[in-house]
Amino acid sequence: MSDPLVSRMRRFGTTIFAEMSALAVRTGSINLGQGFPDTDGPASMLDRAVEAIRSGVNQYPPGPGLPQLRQAVSEHRRLHYGLDYDPDGEVLVTVGATEAIAATVLALCEQGDEVIAFEPYYDSYAASIALAGARLAAVTLRPKEGRFTFDPDELRAAVTPRTRAILVNSPHNPTGTVFTREELAVIAEVCQERDLIAITDEVYEHLTFDGVAHVPLATLPGMRERTVMISSAGKTFSVTGWKTGWVCAPPELTRAAQTVKQFLTFTVGGPWQLAVAHGLREELGWVAELRAALQSKRDRLMSGLSGAGFEVLKPSGTYFVQTDIRPLGFTDGLELTRRLPELAGVVAIPTQVFYDHPERGRHFVRFAFCKKDEVIDEAVTRLKRLG
Ligand SMILES: *Cc1c(COP(=O)(O)O)cnc(C)c1O
């Protein structure tokens, strides 16, 4: 039989994460590829989920999400960012940020529309845009003074009459860049001048370092009314398997996303929703400790990677550090990461797979530091064999 998969999805075969995680298992390597923590979230939050299951919260919750979580999300946005979202009509609970992004793109893009995203980009963006029959237009982030950023003229030039939206991920995976207010102002200006919607992926909103603050694009003048603000519990509370996320947006944008979301999954598991509502209200102290611990893990991995001969770019947020492999005598990150288990017993991710222009990311490799200190130390010891 010829490939039964629809043509618009054929280029999304197996993800690099599946390939590299399988390689890690097969070779007994340390996996610094996929970004998930190897420790649990706050105990009281885990208890709340168990309690919810035991007390009968086991049938379909309402489509937009349980009121307790919508209320907690709304309070959190107001407390942290001074943004007001009505829990009834401006907050939608989704199956992780992934579904929020997919539902939003499917809801807003006609066939042939274009969505701008900054490359290297999170891999689900391209797939969601392709499912919608839309086209991704990539604007490249390049290292400048030690961090990845974009050229405002390249962003302006990427807008066409078919452009519908800009997808903005800050703190940014996989580069670790946290967009500054100035960078966000450029994006805001382009959105307003060209009447575009901003879709923001803010799943690392709490995981920033060195006192760098995350600024939501929706807090910039004129942006709340044209921004679909997306986040989730996975990264904030180290529960990536819970897949509980949310959209905050004006009523008509929220309604559009919900119209699609209701036929993708209808709703999200009730116990997770109650537990995450509890986390947002009671466990942000735990999150502050997580942030401090991640910053020290970042420093630990960065100094180890430098010692092993990589050029390291310092991230201001997320779980990831980018390295330039050329000082070690390598030029192709895909080739290196496929050989890394045999050379050093470590698995990492070649950054080039997140580009529409892979040549622009060929010499970068991404390492995750959301792992126990002893795991990072052992990986560094092994990587020193490369030199
Ligand atoms: C992990 C991640 C997601 C997915 O979030 P879920 O809530 O697990 O769906 C989305 N965007 C980025 C940038 C991520 O790193």
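Structure: above.
In what follows, the accompanying structure is described. Note that the coordinates shown come from a computational prediction; the quantities given were computed from them, not determined experimentally.

**Section: helix α13 (residues 373-383)**
Note on helix geometry: an α-helix contains 3.6 residues per turn, so any two residues three or four positions apart are oriented the same way. If you check which residues of α13 are buried, you get Ile376, Ala379, Val380, Arg382 and Leu383. Each buried residue of α13 lies within a common arc of 160° when the element is viewed along its axis, so the set occupies one face. Opposite the buried face of α13, at more than 90 degrees from it, the exposed residues are Glu374 and Thr381.

**Here's the deal with empty space enclosed by the protein**
Taken as a whole and judged by the stated rule, the model has 2 cavities of 30 Å³ or more. Grouping the amino acids of the lining of the largest cavity by side-chain chemistry returns 4 nonpolar, 4 polar and 1 charged. As a volume, the second largest cavity reaches approximately 30 Å³. Forming the walls of the second largest cavity are Phe17, Tyr121, Tyr122, Asp123, Asn173, Pro174, Phe354 and Arg366. Among the residues making up the lining of the second largest cavity, the classes are represented as 5 nonpolar, 1 polar and 2 charged.

**Thoughts on the sheet that holds strand β15 (residues 364-368)**
On the basis of which strands lie adjacent, the open sheet formed by 4 strands has the order β11-β12-β15-β14 and antiparallel pairing. Every other strand in the sheet has two partners, leaving β11 (311-313) and β14 (349-350) as the edge strands with one partner each. Note: β14 against β15, 2 bridges, orientation antiparallel. What sits directly across from Pro350, in β15, is Val365.

Procedures and definitions
Every chain is numbered on its own, with residues counted from 1 as its sequence reads. The predicted nature of this model means local features are confined to residues of pLDDT at least 70 and side-chain atom pairs, given and counted, to a pLDDT of 80 or more, with totals for whole chains, interfaces and linings taken over all residues. Side-chain figures throughout are based on the complete set of non-hydrogen atoms in the structure, without hydrogens or water. The cut-offs for exposure are 20% and 50% of the maximum accessible area for each residue type, with area from a 1.4 Å probe on protein chains only; residues under the lower value are buried, those over the upper are exposed, and the others partly exposed. Working definition: helices are DSSP H or I runs of at least four residues, strands are E runs of at least two. Numbering for both runs from the N terminus. What the arc describes is the spread of directions from the helix axis to the C-beta atoms. Put plainly, a pocket is an open set of points on a 1 Å grid over the protein atoms alone with protein on both sides within 12 Å along at least five of seven lines, a cavity is a set where a 1.4 Å probe fits but cannot get out, and a lining residue has an atom within 4 Å of a point. Grid points are joined across faces, edges and corners, and a volume is the space filled by probe spheres set on the points. Three categories are distinguished: nonpolar for Ala, Val, Leu, Ile, Met, Phe, Trp, Tyr, Cys and Pro, charged for Asp, Glu, Lys and Arg, and polar for the others, with Gly belonging to the last. Two strands form a pair only when DSSP identifies at least two bridges running between them.

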